[in-house]
Amino acid sequence: MTTPQRFQSIDGEELYRRLATGESVVILDVRTETEFQDRHIPGSTLVPLHELEGRLNELPNSSTPIALVCQHGQRGAAACKFLAEHGFSPLLNLEGGIEAWPGPLTTGAHNGNHHHGIAPSSFLLESFELLPRGLTLDIAMGEGRNAIYLASRGFDVDGVDADPQAVSRARAAARKLGVPIRAVVGNLEDGTYIIPIETYDVIVCFNYLHRPLFQDIRSGLVPGGVVVYQTFTHEQPQFGRPNNPEHLLQPGELKKAFSGYEILRYRERIGPARQTGKMRAIAGIVARKPG
Ligand SMILES: C[S@@+](CC[C@H](N)C(=O)[O-])C[C@H]1O[C@@H](n2cnc3c(N)ncnc32)[C@H](O)[C@@H]1O
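Residues numbered from 1 in each chain as written. Predicted model: local features only at pLDDT ≥ 70, side-chain atom pairs only at ≥ 80, totals over all residues. Heavy atoms only, no water.

### Side note on the domain arrangement of the chain
Under the domain assignment used here, the chain contains domain 1 (8–100) and domain 2 (122–288). Each side of the interface is counted separately: domain 1 has nine residues, and domain 2 has ten residues. A buried area of about 780 Å², summed over both sides, lies between domain 1 and domain 2, and 56% of it is on carbon and sulfur atoms. Its largest share of buried area at the contact with domain 2, domain 1 owes to Tyr16, Ala20 and Gly43, together 47% of the area lost on that side. There are zero salt bridges connecting domain 1 and domain 2. Taken together, the connections running from domain 1 to domain 2 amount to zero residue pairs in polar contact (both at pLDDT 80 or more). (Domains from an automatic or database assignment. Contact = heavy atoms within 4.5 Å. Buried area = accessible area lost by both parts, 1.4 Å probe. Salt bridge = Lys/Arg side-chain N within 4 Å of Asp/Glu carboxyl O. Polar contact = N/O pair within 3.5 Å; in protein donor to acceptor, adjacent residues only side chain to side chain.)

What follows is the structure, encoded as structure tokens:
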């Protein structure tokens with residue numbers, strides 16, 4: 001009798017689509033530190049194959065799928081077999097390994113990396129049902145993970161960022177995934193990009209703070225429009241960057257910034273990021289403009 005295979009292969013296109021559209025998947029890279037530093041999938045965790053046995057307690061003990069990544073697929077398959085024997089499930093092996101990955105890659109050490117990954121913000125995922133469907137603006141969109149997620153869910157999305165490379169990566173990712181976004185290069189701090197008045201049903205901003213924009217967001221929303229804002233608080237420097245007080249929220253600051261709005265959701269917390277497990281101090285708000 002043959003033993004049934006207790007893991008599945010997944011091709012790169014499918015894994016990329018699942019991550020970008022907000023499915024929860026843990027990406028576990030089982031290559032060496034050197035290979036990982038050379039290039040890896042943003043948001044992935046490194047546990048080299050030979051260390052796996054001693055580090056099983058670091059893996060999620062839940063029903064969240066774990067996708068195994070190596071260079072060409074063989075070490076990933078070995079890791080899948082090993083994890084299946086230890087009761088982990090569901091397990092996915094990236095077919096062809098990193099060589100067959102169609103999405104963005106990043107470089108550098110695990111802990112020195114500030115890439116926000118491919119998956120949308122968990123705060124956005126959890127707030128999704130509170131958002132009116134319609135015209136949406138993602139400010140300081142970076143490589144567009146949140147804009148792409150919202151577009152994949154049927155929102156009509158504009159995005160702006162000052163970094164031309166980030167904007168062109170966002171456009172390329174949206175094209176690859178077949179979701180339309182309008183991404184423009186624009187500076188939100190020097191007056192060259194201005195949020196148009198009473199235009200957007202939803203404005204989102206993640207991991208960026210420029211206080212004068214609070215007023216611009218307020219005026220850019222249509223009556224009944226919703227803002228989703230999440231970024232780091234003054235308690236963040238104990239865990240790393242950002243550490244410039246100008247870029248860190250004070251206690252309760254988002255509530256004050258959107259005073260007069262209906263607060264649909266608010267949180268201030270210190271805890272591990274869903275994707276990377278790194279500790280961080282953040283505050284987030286979802287608030288509706290009166291009207
Ligand atoms: C930490 S990243 C966050 C990216 C994205 N919101 C996310 O969470 O994945 C901050 C972004 O702010 C952008 N940024 C910084 N200063 C800016 C400015 N003056 N105008 C527009 N974008 C700016 C950066 O280029 C960068 O992409």
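### Looking at the sheet that holds strand β1 (residues 8–10)
With parallel pairing, five strands are arranged side by side in an open sheet as β1-β5-β4-β2-β3. The outermost strands of the open sheet, each flanked by one partner alone, are β1 and β3 (45–46). Of the pairings in the sheet, the one linking strand β2 (residues 26–29) to strand β4 (residues 66–69) comprises four bridges and is parallel in character. Paired with aspartate 29 across the two strands is valine 69, which belongs to β4. Where helix α1 (residues 12–20) meets the sheet, its contacts fall on β1, β2, β4 and β5 (91–94), and the angle it forms with β1 comes to roughly 85°. Set on the sheet, helix α3 (residues 74–85) makes contact with β2, β4 and β5; between it and β5 the angle comes to about 170°. (Pairing = 2+ DSSP bridges. Helix = DSSP H or I, 4+ residues; strand = E, 2+ residues; numbered from the N terminus. Axes fitted to C-alpha atoms, helices over the stretch in contact; angles between N-to-C directions.)

### Some points on the pattern of salt bridges
Using the criterion set out here, one finds 16 salt bridges in the structure. Across the salt bridge formed by arginine 17 and glutamate 14, the nearest N and O atoms sit 3.1 Å from each other. Separated by three residues within a single helix, arginine 17 and glutamate 14 lie in helix α1, roughly one turn from each other. Note on glutamate 14: relative accessible area 27%, which makes it partly exposed. A salt bridge links arginine 169 to glutamate 143, with the shortest nitrogen-to-oxygen separation between them at 3.0 Å. Placement of arginine 169 in helix α6 (residues 164–177) and of glutamate 143 in the loop between β6 (135–139) and α5 (145–152) is noted, with a sequence separation of 26 residues between them. Look at glutamate 143 and you get partly exposed, because its relative accessible area is 25%. (Buried < 20%, exposed > 50% of the residue type's maximum accessible area, 1.4 Å probe, protein only.)

### Concerning the packing of aromatic side chains
Summed over all chains, the structure comprises six aromatic pairs. Pairing phenylalanine 128 with tyrosine 149 gives two aromatic rings, centres 5.8 Å apart and planes at 65°, and the pair type is edge-to-face. One end of the pair, phenylalanine 128, is in the loop between α4 (122–127) and β6; the other, tyrosine 149, is in helix α5, with 21 residues separating them in the sequence. This pair shows no difference in class: phenylalanine 128 is buried, exactly as tyrosine 149 is. Seen in terms of ring centroids, phenylalanine 128 and phenylalanine 155 are 5.7 Å apart; in terms of plane orientation they differ by 65°. Their pairing is edge-to-face. Highlighted residues: phenylalanine 128 in the loop between α4 and β6 and phenylalanine 155 in the loop between α5 and β7 (156–161), separated in sequence by 27 residues. Given the relative accessible area of 4%, phenylalanine 155 is considered buried. Each residue in the set Phe214, Tyr229, Phe258 and Tyr261 is aromatic and connected to the rest through ring pairs, giving one cluster. (Phe/Tyr/Trp six-rings, centres within 6.5 Å; stacked < 30°, edge-to-face > 60°.)

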